[in-house]
Amino acid sequence: MLKLDRVIVPLKVLLVLLFLGLIVAEVLSVPGQFMESAREVRPEFAHIPWLMLAFSLLVLVAVQVIIVCIWRLLDLVRGERIFSEQAFAWVDAIVWTIAAVWLLMLLVFGYVAGFIFFTPELRDPGIPVVLFGIGLATSVVLLLMIVMRALLGQAAAIRADLADVI
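What this report covers is the structure whose coordinates are included nearby. (Residues numbered from 1 in each chain as written. Predicted model: local features only at pLDDT ≥ 70, side-chain atom pairs only at ≥ 80, totals over all residues. Heavy atoms only, no water.)

What follows deals with the overall build of the protein. The helix and strand inventory of the protein stands at four helices and zero strands. Overall, the protein shows an N-to-C arrangement of helices and strands of α-α-α-α. Rg of the C-alpha trace for the protein: 20 Å, well past the compact-globule value of 15 Å for 166 residues, more than 25% over. Based on the C-alpha atoms only, the size of the protein along its principal axes is roughly 70 × 30 × 20 Å. Classification of the 166 residues of the protein by burial places 30% in the buried group. Contacts in the protein between residues at least 24 apart in sequence constitute 72% of all its contacts with a sequence separation of at least 6. Taken together, the 11 basic and 13 acidic charged side chains of the protein have centroids lying 7 Å from each other. (Helix = DSSP H or I, 4+ residues; strand = E, 2+ residues; numbered from the N terminus. Rg over C-alpha atoms; globule rule 2.2 N^0.38 Å. Buried < 20%, exposed > 50% of the residue type's maximum accessible area, 1.4 Å probe, protein only. Contact = heavy atoms within 4.5 Å. Lys, Arg positive; Asp, Glu negative; His and termini not counted. Charge placed at Lys NZ, Arg CZ, Asp CG, Glu CD.)

Written as structure tokens, this is what we have:
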């Protein structure tokens, strides 16, 4: 357990710092950025910065939910209960949170890409390209978490079989 503490304790410190950084971003950075963007755009496009603000805040909150789930999983690892049903519940929470972000991203991407496509004045593909890239990255993380959940299930089954044998 001592070797695990060498990794778990610094990881928890970094998770706290990341969580606090996300709070700062939610309260100061992201709203300020999109409020400035809302002032600069023409009135007929003023809803897009607000849509992006809402989307960004929801994604930041989702990352905070995932941080809490990871924290709880680290507690289970430390207590040698990682193969319990609780672990599956926390991993499922991570998977569903990522899936919700992916679906939200798909909706926002479709709206913004369609809006830009049908508005000749907004031919800059920057936002759709960034959203598409984030969507691809989110897809990879979601599929990776599904594989990790399956691996956890296999490891739990093997551990249960070994416990029965012993």
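Resuming the write-up.
What follows concerns the nonpolar core. In this structure, V30, M52, F55, V108 and L131 are the most contacted members of the largest nonpolar core, which totals 21 residues. Residue assignment for this core shows that the elements contributing at least two residues are α1 (2–40), α2 (47–78) and α3 (85–117). Of all the elements, α2 adds the most residues to this core, at eight residues. Core analysis: the next-biggest nonpolar cluster, separate from the first, contains 15 residues, I66, L73, L76 and M145 among them. (Core = buried A, V, L, I, M, F, W, Y, C linked by side-chain atoms within 4.5 Å.)

Right, let's get into the pattern of salt bridges. Inspection of every chain in the model, using the stated rule, returns four salt bridges. Between D5 and R78 there is a salt bridge, with the nearest N and O atoms lying 2.9 Å from each other. One end of the pair, D5, is in helix α1; the other, R78, is in helix α2, with 73 residues separating them in the sequence. Two residues, K12 and D75, come together in a salt bridge whose shortest N-O distance is 2.2 Å. Residue K12 is located in helix α1, and its partner D75 is located in helix α2; the two are separated by 63 residues in the primary sequence. Through salt bridges with shared partners, a single network forms among K12, R72 and D75. (Salt bridge = Lys/Arg side-chain N within 4 Å of Asp/Glu carboxyl O.)

This part takes up the layout of surface pockets. If you add up the space inside the second largest pocket, you get close to 280 Å³. Lining the second largest pocket are 14 residues, and of these L73, I82, V91, M145 and M148 lie nearest its centre. Sorting the residues of the lining of the second largest pocket by element identifies α2, α3 and α4 (126–165) as the ones contributing at least two each. (1 Å grid on protein atoms, 1.4 Å probe; cavity = no way out; pocket = protein on both sides within 12 Å on 5 of 7 lines; lining within 4 Å. Points joined across faces, edges and corners; volume = space filled by probe spheres on them.)

Moving on, we get to α2. Its 32 residues give α2 an end-to-end C-alpha distance of 47 Å, which sits within 8% of 46 Å, the value for a rise of 1.5 Å per residue. Of the residues trailing α2, E80 is marked for its positive phi of about 55°. (Expected span 1.5 Å × (residues − 1).)

Let us look at unusual backbone geometry. Positive phi, normally seen in glycine, also occurs at E80, with a value near 55°. Structurally, E80 can be placed in the loop between α2 and α3.

Let us look at the environment of V65. Position of V65 among the secondary structure elements: in helix α2. Sequence-wise, V65 and L4 are 61 residues apart; in three dimensions their C-alpha atoms are separated by 23 Å.

The next point concerns the environment of P31. Relative to the elements of secondary structure, P31 occurs in helix α1. Judged by its relative accessible area of 12%, P31 is buried. Sequence separation of P31 and S56 is 25 residues, and the distance between their C-alpha atoms is 9.1 Å. Excluding residues within four positions of it along the chain, P31 makes contact with A25, E26 and L53.

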